[in-house]
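Close look at the chain arrangement
Here is how the chains run, residue by residue.
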Amino acid sequence: MADITRRFGFRHLRSTPTSHIRHLRGGQLAHEGTGLAFWFRPLAAAISEVPADDRELAMMFHARTADFQDLAVQATVTYRISDPTTAATRLDFGIDPDTGSWRAEPLAQLGTLLTETAQQHALQLIARTPLADTLVNGVTAVRERIAEGLAAEPRLAEIGVSVLAVRVTAVRPEAEMERALRTPAREQVQQEADRATYERRAVAVERERTIAENELASQIELARREEELVAQRGTNARREAEQKAAADAVRTDADAARRTRMAVAEAEAAGTLTAQQAEAARSLGEAKAAAEAAWLAAHQQAGPEVLQALALIRLAEHLPRIDSITLTPDVLTGLLTRLTAPAGPTAPAGPTAPGEPVR
């Protein structure tokens, strides 16, 4: 929008580089161009401001396909006023000399013209195309058809408007139809997901089975090795017992042989000792017998007094030890009486055995 200032009943206009200004004074062209700045009298001036930059026009309209399904088309058209002079004469781009704003709405009028023209060409295409084909190829087909239709529209060329680009952002059916169309794809995706899940589970089950088989094989191998270990331990124990029994047998045989040799030696020694003892006993017996004979012979030749004396000696030898003895007068009187009494006739003394007291 142009910038207009007031000075002493005059007006000063300063436009932007993207605005085309057309100034008429008294019906005659006074100024025309972009980026102008000039003074003018408001009562005698007719000024038009035509935008010379690229403009974006968003549009949305509904269409019906060949199978009677409603679609919503959303598109954007980029246009430019390539002939501002012609546009200023065909559309009302006049501005207020005091405020600089448009007196009418030329851009809205131009937008309505572009929207209706694009919608007309899009509806002609969509009305002959089924819904499925429109959803698959509709964006490209509608864009090309709108671009071709706007480029060939004579009215746009007459007012100096050029279409630079057309973009179709969406071609969508109604919400219920869109959900219905999504259902098969969703079901297929769900089936693929279920199939992938089942395959994953099958792979997991197979792996678990393999792991279980490996564990079972390991347990079987461990049991077999334990059995071999038990058998080997039994064999070792049996061998140890056999070796121990053999060693005990050898040791027993050695002990028996040693004891046999000792018994034989002891028997031989005992036999020799017995013979010697027997000889010694015989010699001792002979010596004792000779002594007894000599003793008896000696006693037979001795008198009774001698025999009594010997008997008293033998008796004294066998009496116990007497530390002290007390003799009473009675005992001493009787003893002296017996000693002093005359001896009577005695029986002839026979021979006595050694150690037997003489009577």
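Keep in mind that what you see is a predicted model, and the values were worked out from it rather than measured.

As for helix α7 (residues 329–340)
Its 12 residues place the ends of α7 16 Å apart at the C-alpha level, agreeing with the 16 Å of an ideal helix rising 1.5 Å per residue. Little of α7 sits out of view: just 0 of its 12 residues are buried.

Quick notes on the pairing of strand β5 (residues 37–40)
The two faces of β5 differ: Phe38 and Phe40 on one face are buried, but Ala37 and Trp39 on the other face are not. Relative to β5, strand β2 (residues 10–14) runs antiparallel, the two sharing 4 bridges. Bridge assignment links His12 to a residue of β5, and that residue is Trp39.

Observations regarding the sheet that holds strand β6 (residues 45–51)
The strands making up a sheet are joined through hydrogen bonds of the backbone, oriented either antiparallel or parallel. Within the open sheet, the 3 strands sit side by side as β4-β3-β6. Their pairing is antiparallel. A single partner strand is all that each edge strand has here, and the edge strands are β4 (28–34) and β6. Looking at each pair of strands side by side, their axes are set apart by 15° on average, direction ignored. Note: strand β3 (residues 19–25) against β6, 7 bridges, orientation antiparallel. The partner of Arg22 across the bridge, within β6, is Ser48.

As for the side chain of Thr117
Within the secondary structure layout, Thr117 lies in helix α2 (residues 106–126). Separated by 2.7 Å, the side chain of Thr117 and the backbone oxygen of Leu113 make a polar contact. Residue contacts for Thr117: discarding those within four places in its chain leaves Leu150 and Glu153.

Observations concerning the pattern of salt bridges
Here the structure, examined in full by the defined rule, presents 19 salt bridges. Its salt-bridge partner being Asp3, residue Arg14 comes within 2.7 Å of it at the nearest N-O pair. Of this pair, Arg14 sits in strand β2 while Asp3 is found in strand β1 (residues 3–7), placing the two residues 11 residues apart along the sequence. Since its relative accessible area comes to 34%, Asp3 is described here as partly exposed. Residue Arg209 pairs with Glu213 through a salt bridge whose shortest N-O separation is 2.4 Å. Of the two residues, Arg209 and Glu213 both sit in helix α5 (residues 175–301), 4 residues apart, roughly one turn of that helix. A relative accessible area of 39% places Arg209 in the partly exposed class. Given a relative accessible area of 43%, Glu213 falls into the partly exposed group. By sharing partners, the salt bridges in this structure join Glu221, Arg224, Arg225 and Glu228 into a single network.

Side note on unusual backbone geometry
In this model, Phe8 sits at a positive phi of 55°, which is unusual for a non-glycine residue. Position of Phe8 relative to the elements: it lies in the loop between β1 and β2. By relative accessible area, which is 82% here, Phe8 ends up exposed. The phi dihedral of Phe68 is positive, around 60°, even though this residue is not glycine. Within the secondary structure, Phe68 is located in the loop between β7 (55–64) and β8 (70–81). We classify Phe68 as exposed; its relative accessible area is 63%.

Quick notes on a nonpolar patch on the surface
A cluster of nonpolar residues, Leu332, Leu335, Leu336 and Leu339, forms a patch on the protein surface that exposes about 380 Å² of accessible area. When you line up the elements, Leu336 lands in helix α7. With relative accessibility at 43%, the residue Leu336 sits in the partly exposed group.

Some details on the environment of Gly94
Inspection of the secondary structure puts Gly94 in the loop between α1 (84–90) and α2. Given the relative accessible area of 10%, Gly94 is considered buried. Sequence spacing of Gly94 and Glu49 is 45 residues, and the spatial spacing of their C-alpha atoms is 6.4 Å. Once you skip the residues sitting within four places of it in the chain, Gly94 turns out to touch Ile47, Ser48, Ser101, Trp102 and Arg103.

Looking at the packing of aromatic side chains
Here the structure, examined in full by the defined rule, presents 2 aromatic pairs. The interplanar angle of 65° and the centroid separation of 6.2 Å between the aromatic rings of Phe93 and Trp102 together place this pair among those described as edge-to-face. Classification of Phe93 by relative accessible area gives buried; the value is 1%.

Section: the side chain of Ser15
In this fold, Ser15 is placed in the loop between β2 and β3. Owing to a relative accessible area of 10%, Ser15 belongs among the buried residues under this scheme. Polar side-chain contacts of Ser15 include one of 3.3 Å to the backbone nitrogen of Gly35. Within the local environment of Ser15, its side chain forms a polar contact with the backbone nitrogen of Leu36, the two atoms lying 2.7 Å apart.

Section: the confidence of the model for the protein
Taken as a whole, the protein shows an average pLDDT of 83; of its residues, 90% reach a score of 70 or greater. Long-range and interchain partners of residues 346–359, a stretch whose pLDDT sits below 50, account for 14 contacts in this model, where long-range means more than four residues apart.

The rules behind these values
- All residue numbers here refer to positions counted from 1 along the written sequence of the relevant chain.
- In keeping with the model being predicted, local features are shown solely for residues with a pLDDT of at least 70 and side-chain atom pairs are shown and tallied solely at 80 or more, while totals for entire chains, interfaces and linings include all residues.
- Hydrogen atoms and water are omitted, and side-chain values are computed over all heavy atoms in the structure.
- Note on conventions: DSSP H or I runs of at least 4 residues are helices, E runs of at least 2 residues are strands, and numbering of each starts at the N terminus.
- Expected span of a helix: the number of residues minus one, times 1.5 Å.
- Accessible area is worked out with a 1.4 Å probe on protein chains only. A residue is then buried under 20% of its type maximum, exposed over 50%, and partly exposed in between.
- We treat two strands as partners when DSSP finds at least two bridges between them.
- Axes here mean lines fitted to C-alpha atoms, for a helix over just the part in contact, with angles spanning 0 to 180 degrees between N-to-C directions.
- Pairs of N or O atoms within 3.5 Å make up the polar contacts considered here, provided that, within protein, one atom can donate a hydrogen while the other can accept it, and that residues adjacent in sequence are counted only when both atoms are side-chain atoms.
- Note on contacts: a residue pair is in contact if any heavy atoms of the two residues lie within 4.5 Å.
- We define a salt bridge as a side-chain nitrogen of Lys or Arg found within 4 Å of a carboxyl oxygen belonging to Asp or Glu.
- Patch membership requires more than 30% relative accessible area and the absence of a salt bridge. Residues of like charge join within 9 Å; the nonpolar side chains Val, Leu, Ile, Met, Phe, Trp and Tyr join within 5 Å.
- For accessible areas, the Shrake-Rupley method is used with a probe of radius 1.4 Å. Any residue's cover is judged against the shown protein chains and nothing else.
- Two rings from Phe, Tyr or Trp (for Trp, the six-membered ring) form a pair when their centres sit within 6.5 Å of each other. Planes less than 30 degrees apart are called stacked, planes more than 60 degrees apart edge-to-face, and all others tilted.
- Confidence of the predictor in every single residue is expressed as pLDDT, which spans 0 to 100.

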